[in-house]
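Inside the fold
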Amino acid sequence: MKRVLAVCGPTASGKTALAIHLALQFDGEIISADSMQIYRGLDIGTAKPSADDMSIVPHHMIDIADTSEKYSVSRFQREATVCAEDALHRGKLPIICGGTGLYVDALISGREYSPVGDDGRLREELEREYYERGAAAMHERLAAVDAESAARLHVNDKKRVLRALEVYAQTGGTITDHNARSRLIPPRYDAFMLGLDPGRERLYERIGLRVKTMLEHGLEHEARELFERGKLMGTAAQAIGYKELADYFCGKVTLDEATELLCRKTRNLAKRQMTWLRADDRIAWLCYNSRISGELTVPEAAQTSG
RNA sequence: GCCUUUGUAGCUCAGUUGGUAGAGCAGUGGACUGAAAAUCCACGUGUCGUUGGUUCGAUUCCGACCGAAGGCA
């Protein structure tokens, strides 16, 4: 089976630096699996690799969408697979590097997403009904057609309840069936997955420092440009940093408050990322040593544990 | 110096007409199949500022003291 490498870890754990070292050592190319680095213009706030980094090692799946576009896992799966295949054909080692666990998994595992996407109209309609009739009513409706999904999903899990209803309405089949079939598809790559875990305390400290650096590097200016041009829509509007600063530009909060919120949201994100990664037993966790700069060397990377 | 307000969970604050207290946020754990930097779920003992008094019983009433904010001199 085709072999690939994956570098996983929460935000600010040093993935980018490690991936570049590995790419240089093993003649690899980096495939970013990050739902926000996808977007052109979200540079500082997403800690995108520098132009230098990208000139040393080829990077894929970065700057491929406009911030006004919708993006989705399924599109990522399609496009990133093309990149990985292309790299393999050229004899390069694909190194998947990114903090979006769902995207990493979408590329490695065989799992396929439901053939139907977000049909704007239908989703709008479901949303409207959700507000008119309430969460319980929608959950009950799901239970009538797909009892398993209903049992699995919490009544308040609006996003997933609505998606399950959407899939049923468009395909006539349940998402439960689709998922079951999807699970049987073998993985598309033999992936060796490395995990980076600095530990909670150190991670939070690094996040604080990173936010400070981002602001020094002009995050406010970058965010203001996008904000004033009304360019942040859909998925990109969810990007941490940009949305907090937008509240500041609107005068809803002070810059200090926005900064504090930015740090907090990033910490919340890192925690969720760790929850996702911990549940993945394919990951080999690295010994995270005292080199907190993130400049891990390859021999250190080879010292896997767990 | 006097008067008023105020002191309850890491933070912001509810509350108990006297029977030792609860929300939001933070934090921790978990989930996650076309929004995933999103979304959802679970977890709340803290000398109720200190110290006397009244009371069967006080965080709740009264006094003193300490801290904070405001007002008057």
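Structure: above.
Heads up: these notes are all about the structure in this document. Model, not experiment: these values are computed from the prediction. As a convention, each chain's residues are numbered from 1 in the sequence order in which they are written. Just so you know, chain letters begin at A and ligand numbers begin at 1, following the order they were written in. Confidence filtering applies because this is a predicted model: local features only for residues at pLDDT of at least 70, side-chain atom pairs given and counted only at 80 or more, and all residues used for totals across whole chains, interfaces and linings. Side-chain metrics rest on all non-hydrogen atoms present in the structure, leaving aside hydrogens and water.

The term nonpolar core refers to a set of buried residues drawn from Ala, Val, Leu, Ile, Met, Phe, Trp, Tyr and Cys, joined through side-chain atoms within 4.5 Å. Type-normalised accessible area, obtained with a 1.4 Å probe on protein chains alone, sets the label of each residue: buried when under 20%, exposed when over 50%, and partly exposed for intermediate values. Counting 47 residues, the largest nonpolar core has Tyr39, Leu42, Met61, Tyr71, Phe76, Ile96 and Met193 as the members making the most contacts within it. Strands are runs of DSSP state E lasting at least 2 residues, helices are runs of H or I lasting at least 4, and numbering of each runs from the N terminus. Take this core: its biggest share by element is 6 residues, from helix H13 (residues 255–278). Setting aside residues up to four positions removed in sequence, Phe76 forms contacts with Ser32, Ala33, Ile38, Met61, Tyr71, Thr81, Tyr103 and Leu107. What makes two residues a contact is simply this: any of their non-hydrogen atoms within 4.5 Å.

With that out of the way, let us pick up a positive patch on the surface. A surface patch of positive charge is lined by Arg200, Lys243, Arg264, Lys265, Lys271, Arg272 and Arg278. A per-element tally of the positive patch places H13 first, with 5 residues. Mapped onto the fold, Lys271 is located in helix H13. A patch consists of residues whose relative accessible area exceeds 30% and which take part in no salt bridge; residues with like charges are grouped when within 9 Å of each other, and nonpolar side chains (Val, Leu, Ile, Met, Phe, Trp, Tyr) when within 5 Å. Residue exposure ignores everything except the shown protein chains as possible cover, and the areas themselves are Shrake-Rupley values with a 1.4 Å probe. A carboxyl oxygen of Asp or Glu within 4 Å of a side-chain nitrogen of Lys or Arg is what we treat as a salt bridge. Here the positive residues are Lys and Arg and the negative ones are Asp and Glu; neither His nor the chain ends is included. Note that the charge is assigned to NZ on lysines, CZ on arginines, CG on aspartates and CD on glutamates.

Moving on, we get to the protein's contact with RNA strand B. Residues in contact with RNA strand B amount to 51 residues; listed here are only the nearest, Ser35, Ser114, Thr235, Gln238 and Asn268. Pairing of N or O atoms within 3.5 Å defines a polar contact, subject to two protein rules: one partner must be a possible hydrogen donor and the other a possible acceptor, and residues neighboring in sequence count only if both atoms are side-chain atoms. At 2.7 Å, a backbone N or O of Pro115 approaches a base oxygen of RNA strand B. Interatomic distance of 3.4 Å between a side-chain N/O atom of Arg267 and a phosphate oxygen of RNA strand B. Every element with two or more residues in the surface near RNA strand B is listed here: helix H3 (73–89), helix H4 (101–108), helix H5 (120–133), helix H8 (158–171), helix H9 (175–184), helix H10 (200–216) and H13. Here the element with the most residues in the surface near RNA strand B is H13; it accounts for 9 residues. Residues of the surface near RNA strand B, tallied by class, amount to 15 nonpolar, 17 polar and 19 charged. Throughout, near means a residue has at least one heavy atom within 4 Å of the molecule or strand. Following the grouping adopted for this structure description, the nonpolar residues are Ala, Val, Leu, Ile, Met, Phe, Trp, Tyr, Cys and Pro, the charged ones are Asp, Glu, Lys and Arg, and the polar ones are all others, Gly among them.

Further remarks concern H13. Given a helix with a known number of residues, its expected span is that number minus one, times 1.5 Å. With 24 residues, H13 extends 35 Å from end C-alpha to end C-alpha; this agrees with the ideal 34 Å at 1.5 Å per step. Along H13, the residues classified as buried are Ala258, Thr259, Leu262, Cys263, Thr266, Ala270, Gln273, Met274 and Leu277. Next to the buried residues of H13 lie strand S1 (3–8), H10, helix H11 (219–228), helix H12 (242–249) and strand S6 (283–286).

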